[in-house]
Amino acid sequence: MHHIYYICIVIFNEESMQNDCKNCVFNTRATSMLSDKSFGQLSENHLELRFSKGDTIIKQGMFSTNVVFLRKGLAKIHLTGPYHEQIVRLVKAPTYLGLPTTFGDKINQYSVTAVTDTDVCYIDVRVFQTILNENREFSNDILIELSKNELESFRRCANRTQKQIRGNMADVLLEFSEKIFQSDSFTLPISQSELANLVDTSRESVNRVLNEFDKDGIIKVNGKQIEILNKKSLNLISLNG
């Protein structure tokens, strides 16, 4: 793990990024509620790193001593199961990563890998706990975010097992459009093989469904470029599964 840090620090220091947490342009709504004292603690007790696409941000099985804040970019959460590696979901900055495993088990229960070039802050867990104790509104917002993520995980689990491939693919395309890119035209951030892993199917099935959606005039596919042409139909497919 220290070896990964060293590589990233060299890349990061080339651009000398902002080290003042209070004036960070990537602050979340929760962070904006912190006191000046807490902002000072954050500024003095965090490490800013830059990761390239494919770099490991959090590694499953490693001891966790930091809270990880994804300031910029896109990452995937994935874990190694008894038979193969499973992509759980994609996460977009700004957001905290690994809070349940950091506070609950101390050992990372999953990995996080950069899908695009990302900027990350590692915050000492003891300092973060102090900030939680001293800032009630901040703690409340963190709790709300964790609760929403847990409910979303339950929903995803049910959808994966109960929906057909067309419904799951519609869900993924709508998520890319509405939550990740906020646009009906976007470039798929992951490969078709990774997309297949995300919805528990084969790469061939992903390719087939994308082609079907294209022929039906629901989307336009040009390589990895996707344009949603009929969102109403896509929502109906998602709803009906």
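Check the entry above for the structure.
Residues numbered from 1 in each chain as written. Predicted model: local features only at pLDDT ≥ 70, side-chain atom pairs only at ≥ 80, totals over all residues. Heavy atoms only, no water.

Asker: Mind laying out the overall build of the protein chain, listing which residues take part and the relevant values?
Answerer: Of the regular secondary structure elements, the protein chain holds nine helices and 11 strands. Taken over C-alpha atoms, the radius of gyration comes to 19 Å for the protein chain, in line with the 18 Å a tight globule of 241 residues would show. Taken along its principal axes, the extent of the C-alpha atoms in the protein chain is 55 × 35 × 35 Å. A buried classification covers 44% of the 241 residues belonging to the protein chain. As displayed, the protein chain offers around 12900 Å² of accessible surface, 51% of which is attributable to carbon and sulfur atoms. Averaging the locations of the 28 positively and 29 negatively charged side chains of the protein chain gives two centres separated by 4 Å. (Helix = DSSP H or I, 4+ residues; strand = E, 2+ residues; numbered from the N terminus. Rg over C-alpha atoms; globule rule 2.2 N^0.38 Å. Buried < 20%, exposed > 50% of the residue type's maximum accessible area, 1.4 Å probe, protein only. Areas by Shrake-Rupley, 256 points an atom, 1.4 Å probe, with all protein chains shown as cover. Lys, Arg positive; Asp, Glu negative; His and termini not counted. Charge placed at Lys NZ, Arg CZ, Asp CG, Glu CD.)

Asker: Tell me what's going on with the nonpolar core, and back it up with residues and numbers.
Answerer: Counting residues in hydrophobic clusters, the biggest one holds 29 residues, and the most contacted among them are Met169, Leu173, Phe176, Leu195, Phe213, Ile219 and Leu234. Of all elements in the fold, only β5 (85-92), α6 (165-180), α7 (192-198), α8 (203-215), β11 (225-228) and α9 (231-240) reach the threshold of two or more residues within this core. For this core, the element with the highest residue contribution is α6, accounting for eight residues. Residues contacting methionine 169, with those up to four places away along its chain left out, are Leu195, Val199, Val206, Val209, Leu210 and Phe213. (Core = buried A, V, L, I, M, F, W, Y, C linked by side-chain atoms within 4.5 Å. Contact = heavy atoms within 4.5 Å.)

Asker: Account for the side chain of serine 238, naming residues and giving values.
Answerer: Along the chain, the position of serine 238 falls in helix α9. The contact partners of serine 238, leaving out residues within four places of it in the chain, are Lys163, Gly167, Ala170, Asp171 and Leu174.

Asker: If you had to explain the packing of aromatic side chains to someone new, which residues and values would you point to?
Answerer: Here the structure, examined in full by the defined rule, presents eight aromatic pairs. Taking the centre distance of 4.9 Å and the plane angle of 45° together, the rings of phenylalanine 69 and tyrosine 96 count as tilted. Here the residue phenylalanine 69 occupies a position in strand β3 (residues 66-72), and tyrosine 96 occupies one in strand β6 (residues 95-97), the gap between them amounting to 27 residues. Given the relative accessible area of 6%, phenylalanine 69 is considered buried. Between tyrosine 96 and phenylalanine 138, the ring centres sit 6.5 Å apart and the planes meet at 80°, which makes this aromatic pair edge-to-face. (Phe/Tyr/Trp six-rings, centres within 6.5 Å; stacked < 30°, edge-to-face > 60°.)

Asker: How would you summarise the packing of α6 against α9 if you had to cite specific residues and measurements?
Answerer: It is the contact of α6 with α9, at a shortest axis distance of 8 Å, that shows an interaxial angle of 130°. As the angle between them shows, α6 and α9 are arranged oblique. Note that α6 runs across α9; the crossing there is left-handed. From α6, Arg166, Gly167, Ala170, Asp171, Leu173, Leu174, Ser177 and Glu178 reach across to α9, where they touch Lys231, Leu234, Asn235, Ile237 and Ser238. For the contact of α6 with α9, the residue count by class is five nonpolar, four polar and four charged. (Axes fitted to C-alpha atoms, helices over the stretch in contact; angles between N-to-C directions. Parallel < 35°, antiparallel > 145°, perpendicular 65-115°, else oblique. Left-handed = near helix turned anticlockwise from the far one by under 90°. Nonpolar A, V, L, I, M, F, W, Y, C, P; charged D, E, K, R; others polar.)

Asker: For the pairing of strand β10 (residues 219-222), give the residues involved together with the corresponding values.
Answerer: The pairing of β10 with β11 spans four bridges and is antiparallel. Paired with lysine 220 across the strands is glutamate 227, a residue of β11. In textbook terms, the turn of a hairpin is the stretch between consecutive antiparallel strands, and for β10 and β11 this stretch comprises two residues, one of which, glycine 223, has a positive phi near 70°. (Pairing = 2+ DSSP bridges.)

Asker: Tell me about the sheet that holds β11, residues and numbers included.
Answerer: Taken in spatial order, the three strands make up an open sheet running β9-β11-β10, and their pairing is antiparallel. Pairing within the sheet leaves two strands with one partner each, and these edge strands are β9 (185-187) and β10. The mean inter-strand angle of the sheet, taken between neighbouring strand axes irrespective of direction, is 15°.

Asker: Pulling in residues and values, what's your account of the environment of aspartate 55?
Answerer: By the secondary structure assignment, aspartate 55 is in the loop between β1 (46-51) and β2 (56-58). Distance from aspartate 55 to alanine 114, taken between C-alpha atoms, is 5.5 Å for residues 59 residues apart in sequence. Beyond its immediate stretch of four places on either side in the chain, aspartate 55 contacts Val112, Thr113 and Ala114. One polar contact links the side chain of aspartate 55 to the main-chain amide nitrogen of serine 52, over a distance of 2.8 Å. (Polar contact = N/O pair within 3.5 Å; in protein donor to acceptor, adjacent residues only side chain to side chain.)

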